[in-house]
Amino acid sequence: MSKPLEGIKIIDFTHVQAGPACTQLLAWFGADVIKVERPGSGDVTRSQLRDIPDADALYFTMLNSNKRSLTLDTKTPEGKEVLEKLVKESDVLVENFAPGALDRMGFTWERLSELNPKLIVASVKGFSDGHHYDDLKVYENVAQCAGGAASTTGFWDGPPTVSAAALGDSNTGMHLAIGILTALIGRGQTGRGQKVAVSMQDSVINLCRVKLRDQQRLDRVGYLEEYPQYPHGEFTDVVPRGGNAGGGGQPGWVLKCKGWETDPNAYIYFTIQGHAWEPICRALGKPEWIDDPNYATPQARQPHIFDIFATIEEWLADKTKYEAVDILRKFDIPCAPVLSMKEIANDPSLRASGTIVEVPHKERGSYLTVGSPIKFSGLKPEITGSPLLGEHTDEILAELGYSKDQIAHLHAARSV
Ligand code: CAO
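Now for a look at the structure at hand.

Scoring rules and cut-offs
- Residue numbers run consecutively from 1 along every chain, following the written order of its sequence.
- The predicted origin of the model limits local features to residues at a pLDDT of at least 70 and limits the giving and counting of side-chain atom pairs to 80 or more, whereas totals for whole chains, interfaces and linings rest on all residues.
- Side-chain metrics rest on all non-hydrogen atoms present in the structure, leaving aside hydrogens and water.
- In this description a helix means any DSSP run of H or I spanning at least four residues, a strand means any run of E spanning at least two, and both kinds are numbered starting from the N terminus.
- Any residue under 20% of the maximum accessible area for its type is buried, any over 50% is exposed, and the rest in between are partly exposed; the area is computed with a 1.4 Å probe on protein chains only.
- Should any heavy atoms of two residues lie within 4.5 Å, those residues are considered in contact.
- Here the accessible surface of atoms and residues is derived via Shrake-Rupley with a 1.4 Å probe, and residues count as covered only by protein chains that are part of the display.
- Residues scored as charged are limited to Lys and Arg (positive) and Asp and Glu (negative), so that His and the chain ends carry no count.
- We put the charge of a Lys on NZ, of an Arg on CZ, of an Asp on CG and of a Glu on CD.
- We define a salt bridge as a side-chain nitrogen of Lys or Arg found within 4 Å of a carboxyl oxygen belonging to Asp or Glu.
- Proximity is defined per residue: if any heavy atom of the residue lies within 4 Å of a molecule or strand, that residue is considered near it.
- In protein, a polar contact requires one atom able to donate a hydrogen and another able to accept it; more generally it is a pair of N or O atoms within 3.5 Å, and residues adjacent in sequence count only if both atoms are side-chain atoms.
- Asp, Glu, Lys and Arg are counted as charged, while Ala, Val, Leu, Ile, Met, Phe, Trp, Tyr, Cys and Pro are counted as nonpolar; the rest, among them Gly, fall into the polar class.
- Note: two strands are recorded as paired if DSSP finds a minimum of 2 bridges between them.
- Throughout, nonpolar core names a set of buried Ala, Val, Leu, Ile, Met, Phe, Trp, Tyr and Cys residues whose side chains join them through atoms within 4.5 Å.
- Simply put, an axis is a line fit to the C-alpha atoms, just over the touching stretch for a helix, and the angle between two N-to-C directions goes from 0 to 180 degrees.
- The definition used for a disulfide is geometric: two cysteine sulfur atoms within 2.5 Å.

So, on to the overall build of the chain. Per the secondary structure count, the chain includes 17 helices and eleven strands. By its C-alpha atoms, the chain is 85 × 45 × 40 Å across when sized along the principal axes. The proportion of buried residues among the 416 residues of the chain is 46%. Long-range pairs, those at least 24 residues apart, make up 64% of the contacts in the chain with a sequence separation of at least 6. Accessible surface computed for the chain: about 20,900 Å², of which carbon and sulfur atoms make up 54%. Side-chain charges of the chain comprise 43 positive and 54 negative groups, with the mean position of each set lying 4 Å from the other.

Throughout the structure, instances matching the rule amount to 25 salt bridges. We note a salt bridge from Asp12 to Lys67, for which the minimum N-O separation is 3.0 Å. Here Asp12 is found in strand E1 (residues 9–13), whereas its partner Lys67 is found in the loop between helix H2 (58–61) and strand E3 (68–71), with 55 residues between them in sequence. Of the two residues, Asp12 and Lys67, neither departs from the other in class, the shared state being buried. Note that Glu395 and Arg68 form a salt bridge whose closest N and O atoms lie 2.6 Å from each other. With Glu395 in helix H16 (residues 393–399) and Arg68 in strand E3, this pair connects stretches of sequence that are 327 residues apart. The partly exposed category is assigned to Glu395, whose relative accessible area is 39%.

Here we take up the site of the ligand. The environment of the ligand is made up of 25 residues, and the closest members are Lys75, Ala98, Arg104, Lys137 and Val138. Measuring from an oxygen atom of the ligand, one finds a side-chain N or O atom of Asn96 at 2.9 Å. In the environment of the ligand, an oxygen atom lies 2.5 Å from a nitrogen or oxygen atom belonging to the side chain of Lys137. Against a free-state accessible area of 960 Å², the protein chains account for coverage of 84% of the ligand. Class assignment of the residues belonging to the shell around the ligand gives a composition of twelve nonpolar, five polar and eight charged.

Taking burial as the measure, the six residues of strand E5 (residues 120–125) include six buried ones, the bulk of the element. Here E5 shows two buried faces, one formed by Ile120, Ala122 and Val124 and the other by Val121, Ser123 and Lys125. Across four bridges, the pairing between strand E4 (residues 92–95) and E5 is parallel. Counterpart to Val94 in the pairing with E5 is Ala122. As judged from the five bridges shared by E5 and strand E6 (residues 195–199), these two strands associate in the parallel manner. Across the sheet, the residue bridging to Ser123 is Ala197, located in E6.

One recurring pattern in soluble globular proteins: nonpolar side chains tend to sit buried together. Ile10, Leu26, Val92, Leu176 and Ile180 are the most contacted members of the largest nonpolar core, which totals 37 residues. Ranked by residue count, the leading element in this core is helix H1 (residues 18–28), at six residues. Apart from the residues within four sequence positions on either side, Leu176 is in contact with Cys22, Val94, Ala122, Ser123, Val124, Val196 and Val198.

Pairing is parallel across the open sheet formed by six strands, whose spatial order is E3-E2-E1-E4-E5-E6. This sheet does not close on itself; its edge strands, each paired only once, are E3 and E6. Going across the sheet, the axis of each strand differs from the next one's by a mean of 20 degrees, ignoring polarity. The sheet contacts of helix H7 (residues 170–190) involve E4, E5 and E6, and relative to E5 the element is tilted by about 160 degrees.

In this section: the environment of Gly130. For Gly130, the position within the fold is in the loop between E5 and helix H6 (140–146). Expressed as a C-alpha distance, the spacing of Gly130 and Ala164, which sit 34 residues apart in the sequence, is 29 Å.

Taken as a whole and assessed by the stated rule, the structure comprises zero disulfides. Looking at the unpaired Cys145, the closest cysteine sulfur is the one in Cys208, lying at 11 Å.

A few words now on the pairing of E3. Side chains of E3 alternate between two faces, with Arg68 and Leu70 and Ser69 and Thr71 buried alike. Note: strand E2 (residues 32–37) against E3, four bridges, orientation parallel. By the bridge assignment for E3, Val36 is matched with Leu70.

From the geometry alone we can't say anything about function, so treat these as descriptive.
What follows is the structure, encoded as structure tokens:
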């Protein structure tokens, strides 16, 4: 099966998570992704949170599959020369260094586009260029706080809370991938590359769009009727944390199922979708609620929505989360079990779809990773193991035209 990005060569000058998540995705779809790493140490995640002594950590292996690894000290004259050759032959350079690091290395946007006018230079930074914080180094949770996610996540009586989902890192990488593919299509029209920049703050804000919606509604009317604070609690002038409330017009909550006392994930998410009220009443054995004026409309239900959730929890008390969903799905009620990572790792449907895949690795044996969440009719991404540090250095240098002697010299000078 041919891969759509075959023939696209990418210099992967990324590290940690935001950049690597982007280039890994492009590698799955066929791009030749060359990970450029510092000799001796490489991407810091190779050694972070190791579970096997001396073997690449899962943090690295799960974000760098399908790539080749070239060790290169780009601060030495020889290293710079290798990078320049690579730039001339590549389509895209992706980086997520601290602000100014690429410039300090001597590879400004002007220099890169002079070397190769068709090159697309794609960057992740914490904040966008010109932002009053654009000099800051940024990690995941910093971005979640700066992007509005933390102030609107958690419970109203607790502090701002970060999400376990990588809204700052992998999410930014996905935005950058869209930017790169757009620039590649643009290059097909103009013949020229361009600079593509995505900030982690902006990417988080993009996912917090509905909270900006809520801020404007709050400014106008002073309350938000789908939040647990309505109608009995207090609103201030900022969007509050809403616990597990549904973010749209569908009230919902995380509800206890059989076994919750000992199993931290014996819960389901239950949504009371307006037009599903009648089936919900039938499923719960409460047909009298269907026409009761205290229950019949969303407006009538909202003031006592937590009493309704409590009644549903009574119904759930003798059902496991799986049994409950199996009953509720027959009534077309939007719901799902709260799944632990252990359940996700072993889920047969996720294995069959290729979302959870087992990948061989030269040092680790095999490991589980998340495969492509994007499914195509004409492409089945095959996930291969991540490269060892410098595994493809000699091969890539030979492709660039270096002789065996020259390669040996670069090794001796510790430039690769
Ligand atoms: N050869 C020679 N030098 C190299 C090199 C190579 N192959 N690869 C990297 N370096 C150098 C860089 O040039 C830089 O040198 P200077 O500081 O002298 O200019 C140095 O290594 C360190 O790079 P860094 O500042 O990017 O790394 P850090 O560990 O201090 O910071 C991070 C890490 C992530 C906070 C920072 O890179 C950053 O803010 N990136 C942008 C935002 C981002 O992507 N964050 C998400 C990370 S995922 O959580």
